[in-house]
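Chain residues, written in single-letter form:
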Amino acid sequence: MPEPNGVHPAWLPPEAFRAIGSRRTLVVGDDNRTRTVRAEVAHACARYGGALHGDRDGAHDLALVLDPEAGTGPEGFVLSRRDGVTTVVAGGPSGLLYGLFEVVRRGEAAFGADLPAETHRPALHRRMLDHWDNIDVHPVMGQVERGYAGGSIFWRDGAPRGDLARVRAYGRLLAACGVNAVAVNNVNVHATEAHLLTDRLGEVAAIAAELRPYGIRVHLSVNFASPIVLGGLETADPLDDGVRAWWARTTERVYETIPDFGGYVVKADSEGQPGPFAYGRDHADGANMLADALAPFGGVVHWRAFVYDHRQDWRDRSTDRARAAHDHFAPLDGRFRDNAIVQVKYGPIDFQVREPVSPVIAAMPDTRLAVELQVTQEYTGQQRHVCYLAPMWREVLGFRPWGPDGRAVSDVATELVAVSNVGDDPYWTGHPLAQANLYAFGRLAWAPGLDPADVLDEWISLTFPGDTGRLRRTLHEIMDGSWRTYERYTAPLGVGFMVRPGHHYGPDVDGYEYTPWGTYHFADRDGVGVDRTRATGTGFTGQYPQPWSDVYESLEECPDELLLFFHHVPYGHVLHDGTTVIQHIYDTHFAGAEEAAAMREQWEKAAGDVPPELHAKVRELLDEQVRGAREWRDQINTYFFRKSGIPDAHGRRVY
Ligand code: BDP
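Residues numbered from 1 in each chain as written. Predicted model: local features only at pLDDT ≥ 70, side-chain atom pairs only at ≥ 80, totals over all residues.

**Student:** Honestly, the overall build of the chain in this entry has me stumped. Any pointers?
**Tutor:** Looking only at helices and strands, the chain has 20 helices and 20 strands in total. Taking 655 residues into account, the globule formula puts the C-alpha radius of gyration at 26 Å, and the chain, at 25 Å, falls close to it. Principal axes of the C-alpha set define a box for the chain whose edges measure 80 × 65 × 50 Å. In the chain, which comprises 655 residues, the proportion classed as buried is 54%. Counted over contacts in the chain with a minimum sequence separation of 6, partners at least 24 positions apart contribute 71%. (Helix = DSSP H or I, 4+ residues; strand = E, 2+ residues; numbered from the N terminus. Rg over C-alpha atoms; globule rule 2.2 N^0.38 Å. Buried ≥ 20, exposed ≤ 12 C-beta atoms within 10 Å, placed from the backbone. Contact = placed C-beta atoms within 7 Å.)

**Student:** Looking at this structure, I do not really get unusual backbone geometry. What am I missing?
**Tutor:** Trans is the prevailing form of peptide bonds, just as negative phi is the prevailing case for residues other than glycine. Backbone torsion omega between Gln 546 and Pro 547 reads 5°, so that peptide bond is classified as cis. Mapped onto the elements of the fold, Pro 547 is located in the loop between β19 (527–528) and α17 (548–553). The residue Asp 83 is not glycine, and still its phi comes out positive at about 50°. Mapped onto the elements, Asp 83 comes out in the loop between β4 (77–82) and β5 (85–90). Given 6 C-beta atoms within a 10 Å radius, Asp 83 is considered exposed.

**Student:** Help me out: how do you make sense of the site of the ligand in this one?
**Tutor:** Within the structure, the ligand sits among Glu 145, Arg 146, Val 187, Asn 188, Lys 267, Glu 271, Phe 306, Asp 350, Phe 351 and Glu 378. Looking at the shell around the ligand residue by residue, the classes come out as three nonpolar, one polar and six charged. (Near = placed C-beta within 6 Å. Nonpolar A, V, L, I, M, F, W, Y, C, P; charged D, E, K, R; others polar.)

**Student:** Help me understand the environment of Gly 71 in this model?
**Tutor:** Mapped onto the fold, Gly 71 is located in the loop between β3 (62–66) and β4. By C-beta crowding, Gly 71 is classed as exposed, having 11 other C-beta atoms within 10 Å. Residues Gly 71 and Asp 282, spaced 211 residues apart in sequence, show a C-alpha to C-alpha distance of 41 Å.

**Student:** How do you make sense of the sheet that holds strand β14 (residues 263–266) when you look at a structure like this?
**Tutor:** In sheet architecture, strand pairing relies on hydrogen bonds along the backbone and comes in two forms, parallel and antiparallel. Strand order around the closed barrel formed by eight strands is β7-β12-β13-β14-β15-β16-β17-β18, with parallel pairing between neighbours. In this sheet, neighbouring strand axes are inclined to one another by 25° on average, regardless of whether the strands run parallel or antiparallel. Where strand β13 (residues 217–221) and β14 come together, three bridges link them in parallel fashion. Each bridged residue has a counterpart across the sheet, and for Ser 221 the counterpart in β14 is Val 265. In this fold helix α6 (residues 201–211) packs onto β12 (181–183) and β13, with an angle of close to 150° to the strand it touches most, β13. Sheet contacts for helix α13 (residues 435–446): β7 (126–130), β17 (368–374) and β18 (415–419); angle to β7, the most-contacted strand, approximately 155°. (Pairing = 2+ DSSP bridges. Axes fitted to C-alpha atoms, helices over the stretch in contact; angles between N-to-C directions.)

**Student:** Before we go on, may I ask you to explain the UniProt feature "active site" (unreviewed entry) in the chain in this structure?
**Tutor:** In this structure's numbering, the residues bearing the UniProt feature "active site" (unreviewed entry) are Glu 271, Asp 350 and Glu 378. With respect to the secondary-structure elements, Glu 378 resides in the loop between β17 and α11 (390–398). (UniProt positions renumbered as here; feature names shortened; annotations may be inferred.)

**Student:** Which parts of the structure should I look at to understand the domain arrangement of the chain?
**Tutor:** By convention, interface size is frequently given as the accessible area that disappears when the constituent parts associate. Partitioning the chain into domains gives domain 1 (14–120), domain 2 (126–451) and domain 3 (487–530 + 568–644). With 22 residues of domain 2 at the interface, the matching set in domain 3 holds 23 residues. Split into classes, the residues belonging to the side of domain 2 that touches domain 3 amount to eight nonpolar, seven polar and seven charged. (Domains from an automatic or database assignment.)

Rendered as structure tokens:
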């Protein structure tokens, strides 16, 4: 498919289709996604000399067959190879599309040795990206809230961009990594954006029309106060008949315009957004009211559990932001409708580089849960630093809240959602290597057990098909460990934040320490960390089931990387590896900054393996990463040296 002008084809350059394009392919089926499959194959054949058939009797090398009897579910497919023919049989049209992209991923290997039938099905049934895009340029947050890849691909300066080819190219990229839902606008729904639900719905419909052929449904963030803001009602009380009727009518109109509309996303009673609390109602009342409006049309509401008091008294040590989501939501388990999905951030605080898995995930057995990740790197380098996040997500998805014999997070969640890192940047994601995070999100949502290094390999071979193996080695050296490198040079041992307030880029150890946001480290001359134990702290450890509740409570058993999340300890406290906390801080910060410098050196080897503009862009960003890592190192080390008075055991300069 042709790329919109000036846009990098990311993981679908024309060469990725060479293996298919040079063969004879049969495509059977007739619906919008099969037509997409056919168009993809035809385009590849036009380039590489292969042929597209519709006739089962003709000779072919690849058969892509839609067969409702296949028993694979709507998105699954069976892939096999026998007698010189590779076959994909899919039970539904989206399955055919995913089967095509699986063949693309395998390239020539899909046409080699025989392959016994393999059934592929997504582990998580909805794999969704939340765009925090605004229509207007927000005075503080800009066009895309926490967007580090330029403006929105949907809107510019208050109006639709009209670049629908780009939206379609985006849908194609998402389908190729398995994403099947997109919420198009910011969860903080400002005045202009609220209108997308009613008089500006046509703008959403236009996006939906481009994404539909790629099996992606469109969702909308809505303002809980819409009946007042848009409908002229006096209340938005979820139990009020007039309010319920307004939502029912409005939702009906949405489905008249977009029959396959996915549903609503709601951030309520959080960081200033309106919600049911104003009427003495709870989150289940609010979510169920919207769920009822959506149910007749098969829609769902994603109700975010990111609810906490952002105006807390920092002197009051009994309040704990980490507790908030569980305190609000766990008591409501069992009260949500089947089409109301509670969307929980992976950690209890806010997308930090290291947090324990949110206890809410284990606390709502009778509720459908979506786990929310942040692909946009708000707290992990803002797409100026290389930070390949798949290893972190793999840990989160594989975490077993009830211990080694219990289920994993990926078994408990029914969906995976992430804040998108895409914008109108030519490379889509600002940092060209941040594309790998977007790709990995989709792949892990499809198959949470995938090895992050293998996913990176997939992304590399799809994105740089000409590579002889040298670029792959370089990228693995740079990216495999980049999350841990980022962790090393930023806030230590799970304590989190220490970022500059507002924009959240770069270090400011005390930036949030005496503010109402609830993100504290409590460093003083004797020690650092947040006491969240039941014995002497906020009691947060009690929100976990066993064995984690006791593991986190115990100073001896608590994993080092989360020590300061759960405990306030003296600087001389000895970690499991025998180093003290203060020495660990110095060592990791020196190491992290050195690793960043090594990444920049390694990238030099890639000159000649990637287009020169891409090489130059990444080099420039790595320069910034090296600068940033040193700044973090120096501020963190100096801060803790001054607090503790304890010098570095190796005599390095820490002040
Ligand atoms: C925080 C972001 C803020 C978002 C909020 C959210 O700083 O911009 O509005 O998360 O998830 O991390 O709603």
